[in-house]
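What follows is each chain in one-letter form.
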There are 2 protein chains.
Amino acid sequence: MKGNVLIAQSGGPTAVINASCAGIIQEAFKHKKEIDGVYGAVNGILGVLKEELLDLNQEDPATIELLKRTPSSALGSCRYKLSDKEYDRVLSVLKAHHIRYAFFIGGNDTMDTANRVNHLAKQAGYELRVIGVPKTVDNDLVATDHCPGYPSVARWLAIAVRDAGLDTKAIYCADPVKIIETMGRDSGWITAATALARERPDDPPHLIYLPERPFVREKFIADVKRVYEKVGYVVMAVCEGLRDPEGKLLSESKAKVDVDGFGHAQLGGVADLLSSMIKTDLGIKARFDKPGTIQRVAMSGASEVDIAEAYEAGRLAVDKAVRGESGYMISLQRMPGKKYQCAMGMVALGKVANARRTVPDEFINTDGNDVTPAFIDWLRPLIKPGLAEYARLKKVLVGKKVG
Amino acid sequence: MKGNVLIAQSGGPTAVINASCAGIIQEAFKHKKEIDGVYGAVNGILGVLKEELLDLNQEDPATIELLKRTPSSALGSCRYKLSDKEYDRVLSVLKAHHIRYAFFIGGNDTMDTANRVNHLAKQAGYELRVIGVPKTVDNDLVATDHCPGYPSVARWLAIAVRDAGLDTKAIYCADPVKIIETMGRDSGWITAATALARERPDDPPHLIYLPERPFVREKFIADVKRVYEKVGYVVMAVCEGLRDPEGKLLSESKAKVDVDGFGHAQLGGVADLLSSMIKTDLGIKARFDKPGTIQRVAMSGASEVDIAEAYEAGRLAVDKAVRGESGYMISLQRMPGKKYQCAMGMVALGKVANARRTVPDEFINTDGNDVTPAFIDWLRPLIKPGLAEYARLKKVLVGKKVG
């Protein structure tokens, strides 16, 4: 079956979406017998709805190659749930442009969209091959060892937390507590990754709080106090999606307040709230860093494993589609053995759509304030290159003479 | 005159303090005739007060070499203003440990301390050579072209803002406005550096707000509206030290509020406030990134020019001291000519102490919402390597068929 290719992306950007995109494009160009044009939807499914399609055959091959090292989403993305009527419109556009191969790069919402497009085409008797390419910094897709995008945010954060930890270690006399707020609305995978910053037991981060465990203020304060008294300073990573024991988001438990005629100000986030708690309960100043979207698209921190896997996931999607497969998402399967190896397979879109994988119990410590060694063993192979070596002074004190 | 060396550091960490430290140590080891021991004060002047001195001769040469690529301050830092009595104690400790060469790495407060120690030793007839080594991400020292530490935070932020800008460009359908809050309590040098992220006129950052210009809400909202209507999304860099026309810090104009039994919560910062303004006045959702201390110590973004200059400033300080100089800070002087060259000289500590250099008028645009090309020309040579090349698609649209 010969036809055109459509590539669409949805959801938040990552450092390696464009690598998946390059994998799809470069592989598609190799299949002259099956594929004519390669089209990119402007801002994902919205671009299909609006019939805004980019002709990627017009692009310079060097530009496509450079996509492997370009963060965010070159085609544009969106967050949009299609209505039934809009699904019909999508099918009309695909038909009109003779799209026979559709690749959707995204998370569980995107896989739901892909799944529905696949079924709709089947019902309508329109021959269409639909393959999903996994992408999410949240790492919360089921039926895959991990998700492209995650190893890069993990590596970037490990580097950032190690550096910011050294900062607090040096200036603890003035700023003894630092809270680093990470992304992760519903799962703690991103926050957990900061553990890689730690090389020795008392290294930062000293505490890691995931949304998989309820946040209890008294326990939190006791944790901070204990580390402060033992180590002399405290660096912690907290997830933006932390919830109280009633399941309410901490970030939503903060009121909107009218301030100084500036109108309604919504409070800043979890880290801000926690720093207030520490000041109130312990009388210790705490500052916070909230790298926000910088963490998820930072190319400078990208993992080489992630770039290569994202590319391969895109490439394999085309390979599978031209062989006649449809209705699947590419999944990453870790092979048994000491050396990290990742085999790629497929999983039914329906199995992935709208499902979510949180951090499992074996990766969270008993106290609910750190990860386990098993998590670190699982994560470390995904981070390439590892963190650069830093100097550690022996710190031999000179004998006192004044006293 | 033969004696021991003291190295002390104060104020906020940077990516290259340890490079200056390595410059001092490695140069000191070369002057066997003049120098015996090389001591590092634990947490700056506090370590002198407490007589906590590290014997750096005990360290492995490879560790000292690795300091050039290790961020933050390996000796530890502090923020501490000495009382008169404590100055006497400092002198006693210096005498007791036969310190004849004292090097203070820091900003304008540190240079004030160095200046007083120098005068005190002279008054007491104790032969001591005191040289300051400039260090501050704020870039606000006078009588120097720029300050070690600044080019690295500038490079890191330019990279981060370009990446975060691509993020908003891709997902503007869902998140059309992004505010990136940078450091800079009293000057806008750090915020201004984000302009390097921009390669073409409509690239982010679209707006840059420095504390050198008063913040006026109506003008700000008009700026955001104009960019939003023209470009379709808005990415801006704002300084944490922005002030209203009365000179009051925006961050202080926000009330402390009691929230949901969680105690007193202090609002998050300038970016948080501005995002509320945008929501209130324009009805547009705005999100913000606040990289905080991550920006100032990020080794991954460090400029090679900065690392080399920080090292050389430390090395030269020792060279000058053994030649008999005292009471000066090393200063960086840009040589005339097309190719960037930096000559290092000296400036009297008294001239630098407590003085502050803000961003000059010729570097700020007339509207007060951006920098000038002159600023970019001044900054660019300090950023080495430059920003990596990213792919830019031509974006040729396929002709519509459904319409």
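Residues numbered from 1 in each chain as written. Chains lettered and ligands numbered in written order. Predicted model: local features only at pLDDT ≥ 70, side-chain atom pairs only at ≥ 80, totals over all residues. Heavy atoms only, no water.

1. Description of the overall build of chain A
Then comes step 1: Across its full length, chain A carries 13 helices and 13 strands.
Then comes step 2: Relative to the 2.2 N^0.38 estimate, which gives 22 Å for 403 residues, the radius of gyration of chain A is 24 Å and therefore close to what a compact globule would have.
Then comes step 3: For chain A, the spread of C-alpha atoms along the three principal axes comes to 85 × 50 × 35 Å.
Then comes step 4: Each of the 403 residues in chain A was classed as buried or not, and the buried ones make up 65%.
Then comes step 5: Of the contacts made within chain A by residues no fewer than 6 positions apart, 76% connect residues no fewer than 24 positions apart. (Helix = DSSP H or I, 4+ residues; strand = E, 2+ residues; numbered from the N terminus. Rg over C-alpha atoms; globule rule 2.2 N^0.38 Å. Buried < 20%, exposed > 50% of the residue type's maximum accessible area, 1.4 Å probe, protein only. Contact = heavy atoms within 4.5 Å.)

2. A word on unusual backbone geometry
Then comes step 1: That bond from A:Pro204 to A:Pro205 is cis: its omega, -5°, falls within 30 degrees of zero.
Then comes step 2: The residue A:Pro205 is located in the loop between α7 (189-192) and β7 (207-209) in this model.
Then comes step 3: Here B:Ser72, not a glycine, exhibits a phi torsion of approximately 70°, which is positive.
Then comes step 4: Looking at where B:Ser72 falls in the secondary structure, it is placed in the loop between α3 (61-66) and α4 (84-96).
Then comes step 5: One non-glycine residue, B:Asn354, lies in positive phi territory at about 65°.
Then comes step 6: Checked against the element boundaries, B:Asn354 lands in the loop between α12 (349-352) and α13 (373-379).

3. Brief notes about the packing of helix α1 (residues 17-30) of chain B against helix α11 (residues 304-322) of chain B
All names here are of chain B.
Then comes step 1: Orientation of α1 relative to α11, taken along the N-to-C sense of each, is 40°, at an axis distance of 7 Å. Remark: the crossing between α1 and α11 carries right-handed chirality. Between α1 and α11, the residues in contact are Ala 19, Ser 20, Ala 22, Gly 23, Ile 24, Gln 26, Glu 27 and Ala 28 and Ile 307, Ala 310, Tyr 311, Gly 314, Arg 315, Val 318 and Asp 319, respectively.
Then comes step 2: Of the residues in the contact of α1 with α11, the class split is 8 nonpolar, 4 polar and 3 charged. (Axes fitted to C-alpha atoms, helices over the stretch in contact; angles between N-to-C directions. Left-handed = near helix turned anticlockwise from the far one by under 90°. Nonpolar A, V, L, I, M, F, W, Y, C, P; charged D, E, K, R; others polar.)

4. Details of the state of the cysteines
Working definition of a disulfide: a covalent bond connecting the sulfur atoms of two cysteines.
Residue and element names in this part refer to chain A.
Then comes step 1: Per the stated rule, a full pass over the model turns up 0 disulfides over all chains.
Then comes step 2: Sulfur of Cys 21: no disulfide; nearest cysteine sulfur belongs to Cys 78 and is 14 Å away.
Then comes step 3: Given a relative accessible area of 3%, Cys 21 falls into the buried group.
Then comes step 4: Its sulfur unpaired, Cys 147 is 11 Å from the next cysteine sulfur, which belongs to Cys 342. (Disulfide = S-S within 2.5 Å.)

5. A word on the nonpolar core
Then comes step 1: By size, the foremost hydrophobic cluster in this structure holds 74 residues, and its most contacted members are A:Tyr150, A:Phe375, A:Leu379, B:Tyr150, B:Phe375 and B:Leu379.
Then comes step 2: Within the residue set of this core, elements represented by two or more residues are α6 (150-171), α7 and α13 (373-379) of chain A together with α6 (150-171), α7 (189-192) and α13 of chain B. (Core = buried A, V, L, I, M, F, W, Y, C linked by side-chain atoms within 4.5 Å.)

6. Here's the deal with the relation of the copies chain B and chain A
Then comes step 1: Note on the copies: chain B fits chain A at an RMSD of 0.0 Å, the axial shift is 0.0 Å, and the rotation between them is 180°. Both copies are brought into coincidence by an operation consistent with a two-fold rotation axis.
Then comes step 2: Here 100% of the interface residues in chain B have copies in chain A that are interface residues too; the copies meet face to matching face. (Least-squares fit on C-alpha atoms with pLDDT ≥ 70 in both.)

7. What about the packing of aromatic side chains?
Aromatic rings considered in pairs are described by the distance between their centres and by the relative angle of their planes.
Residue and element names in this part refer to chain A.
Then comes step 1: Summed over the entire model, instances satisfying the criterion amount to 25 aromatic pairs over all chains.
Then comes step 2: Chaining the aromatic ring pairs together yields one cluster made of Tyr 150, Trp 189, Phe 363, Phe 375 and Trp 378.
Then comes step 3: Just above the ring of Tyr 390 sits the side chain of Arg 162; from NZ or CZ to the centre is 3.6 Å. (Phe/Tyr/Trp six-rings, centres within 6.5 Å; stacked < 30°, edge-to-face > 60°. Lys NZ or Arg CZ within 6 Å of the ring centre and 35° of its normal.)

8. Quick word on the sheet that holds strand β11 (residues 286-289) of chain A
Residues and elements named next belong to chain A.
Then comes step 1: Spatially, β7-β8-β6-β11 is the arrangement adopted by the 4 strands of the open sheet, whose pairing is parallel. Strand pairing shows two members of the sheet lacking a second neighbour, β7 and β11, which therefore form its edges. Averaged over all neighbouring strand pairs, the angle between strand axes comes to 20°, with direction disregarded.
Then comes step 2: Two strands pair when backbone bridges link them, and strand β6 (residues 177-182) and strand β8 (residues 234-239) are joined in this way by 6 bridges, in the parallel orientation. Across the sheet, residue Ile 179 finds its bridge partner in β8, namely Met 236. (Pairing = 2+ DSSP bridges.)

9. Section: the pairing of strand β8 (residues 234-239) of chain B
Residue and element names in this part refer to chain B.
Then comes step 1: Counting buried residues along β8, 6 of its 6 residues qualify, which places the element largely inside the surrounding structure.
Then comes step 2: By the alternation rule, side chains of β8 split into Val 234, Met 236 and Val 238 and Val 235, Ala 237 and Cys 239, which are all buried.
Then comes step 3: Sheet analysis places strand β7 (residues 207-209) next to β8, joined by 3 bridges and oriented parallel. Looking across to β8, one finds that Tyr 209 is bridged to Val 238.
Then comes step 4: Once the chain exits β7 it traverses helix α8 (residues 217-231) before rejoining the sheet at β8, and the crossover so formed is right-handed. (Right-handed = clockwise from strand over helix to strand, strands pointing away.)

10. Some remarks on the sheet that holds β8(B)
Residues and elements named next belong to chain B.
Then comes step 1: The strand order across the open sheet formed by 4 strands is β7-β8-β6-β11, and the pairing between neighbours is parallel. Edge positions in the sheet fall to β7 and β11 (286-289), since each has one partner strand and no second. When the angles between neighbouring strand axes are averaged without regard to direction, this sheet yields 20°.
Then comes step 2: Set on the sheet, α8 makes contact with β7 and β8; between it and β7 the angle comes to about 160°.
Then comes step 3: Those strands touched by helix α9 (residues 270-282) are β6 (177-182), β8 and β11, and its axis lies near 155° from that of β6.

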